[in-house]
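An overview of the molecular structure
The primary structure of each chain is shown beneath.
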Amino acid sequence: MADKVYPSAKPPAAAANINPTATANRPFPTAKSKLYRPPGYRPAPHRRRSHRSLCCACCLWITLVIFIIILLAAISGAAIYVVYRPQRPSFSISSLQISQFNLTSTTLTSNVNFNLTAKNPNKKLIFFYDPITVSLSTNDGVSIGDGALPAFQLGTKNTTVLTSTVAAVGESLDTTSGGKLQADAKSKSGLGLTVEFDSKISVKIGGVKTKKVKVRVTCEGIKAGLPTVEVVASPAPAPSPVATITRTVTVASPATVSGGKCKVDMRVKIWKWTW
């Protein structure tokens, strides 16, 4: 049987050659806990970026949702336009007459009769109008009178004629307005007038009816002659001792409306601004 070989207890030659003095003088690393820190020193806290990342993600999603909504609205509007081809209804003053116009330096009494023609060129759109307020003024902005028109429905490919009267009874005028109105009344070309119609309108497209929106129709370029007073003689009744009887008659002059134009404006109000 072979003998067991045991390692020698003698240290290796490399270990025996180590200089103990050099080993004792070797510097040891300083522990981290013993590093010098100035008084009041506090380590800076770690920044948390989770809150900022959450805000950025929310802004990104909100922007994406708004973009999608705008895109869908644009697509829907384009589809409606292609299918229905919507057009604005047209308006015109077909006739206008001033039957009474009594003007002093401080007051005005007037009576104006007019016809408003409304046309709907659309084949699939129906317009619903609320009661309409009418304002009549000169081109200088002096009010001649106010009136109203009833609510009405403007059907597809339909033309509607509305008749109304604008009147003012003893309306007070300041010195400036009275002077302007007297100067305009003496014009040989006639009294320049502007008519404004204010109402609310809703549109029926197929089976859907939209919300009401304010609308204003402004008609300009109308020239109206003032009524004249004429003396008319008529035969007297048989028992009367005189042969004829004379009386004064106020004759209204028809206005020139061929050059008049009416424009339609949608009045959309956002906070304090109106378009």
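In what follows, the accompanying structure is described. (Residues numbered from 1 in each chain as written. Predicted model: local features only at pLDDT ≥ 70, side-chain atom pairs only at ≥ 80, totals over all residues. Heavy atoms only, no water.)

1. Examining empty space enclosed by the protein
Cut-off, in case you're wondering: Computed over the protein atoms alone on a 1 Å grid, cavities are sets of points where a 1.4 Å probe fits but cannot get out and pockets are open sets with protein on both sides within 12 Å along at least five of seven lines; a residue lines them when it has an atom within 4 Å of a point. Grid points are joined across faces, edges and corners, and a volume is the space filled by probe spheres set on the points. A run of DSSP states H or I qualifies as a helix once it reaches four residues; a run of E qualifies as a strand once it reaches two. Both are numbered from the N-terminal end. Ten residue types, Ala, Val, Leu, Ile, Met, Phe, Trp, Tyr, Cys and Pro, are classed as nonpolar, four, Asp, Glu, Lys and Arg, as charged, and the remainder, Gly among them, as polar.
According to the stated counting rule, one finds one cavity of 30 Å³ or more in the structure shown. Approximately 60 Å³ is the volume found for the largest cavity. As for the largest cavity, its lining consists of Phe-91, Leu-116, Tyr-129, Ile-132, Phe-197, Asp-198, Ser-199, Val-215 and Val-217. At the level of elements, strand 8 (191–205) and strand 10 (213–224) are the ones that each hand at least two residues to the lining of the largest cavity. The element that contributes the greatest number of residues to the lining of the largest cavity is strand 8, accounting for three residues. Among the residues making up the lining of the largest cavity, the classes are represented as seven nonpolar, one polar and one charged.

2. As for the nonpolar core
What counts here: As used here, the term nonpolar core means buried Ala, Val, Leu, Ile, Met, Phe, Trp, Tyr and Cys residues forming a set that is joined through side-chain atoms within 4.5 Å. The rule is simple: take the accessible area with a 1.4 Å probe, protein chains only, and divide by the maximum for that residue type; under 20% is buried, over 50% is exposed, in between is partly exposed. We call two residues in contact when some of their heavy atoms are within 4.5 Å.
The biggest cluster of nonpolar side chains holds 38 residues, and the ones touching the most others in it are Ile-93, Leu-96, Leu-193 and Phe-197. If you tally residues by element for this core, the top one is strand 8, at six residues. Those residues within four positions of Ile-93 in sequence are excluded, and the remaining contacts are Phe-114, Asn-115, Leu-116, Phe-197, Cys-219, Ile-222, Val-257 and Cys-262.

3. What to know about the layout of surface pockets
Counted as a void, the largest pocket has a volume near 240 Å³. Lining of the largest pocket is provided by 13 residues; of these, Phe-127, Ile-201, Val-203, Thr-210 and Met-266 occupy positions nearest its centre. Of the residues forming the lining of the largest pocket, the biggest block, three residues, is contributed by strand 8.

4. Topic: a nonpolar patch on the surface
The test is simple: Candidates for patches are residues over 30% relative accessible area with no salt bridge; among them, like charges are joined within 9 Å and nonpolar side chains (Val, Leu, Ile, Met, Phe, Trp, Tyr) within 5 Å. Computed by Shrake-Rupley with a 1.4 Å probe, the accessible areas treat only the displayed protein chains as cover when residues are assessed. By convention in these notes, a salt bridge is any Lys or Arg side-chain nitrogen within 4 Å of a carboxyl oxygen on Asp or Glu.
A cluster of nonpolar side chains, namely Trp-61, Leu-64, Phe-67, Ile-68, Leu-71, Leu-72 and Ile-75, defines an oily patch on the protein surface of about 740 Å² accessible area. Its location among the elements puts Leu-64 in helix 3 (residues 50–84).

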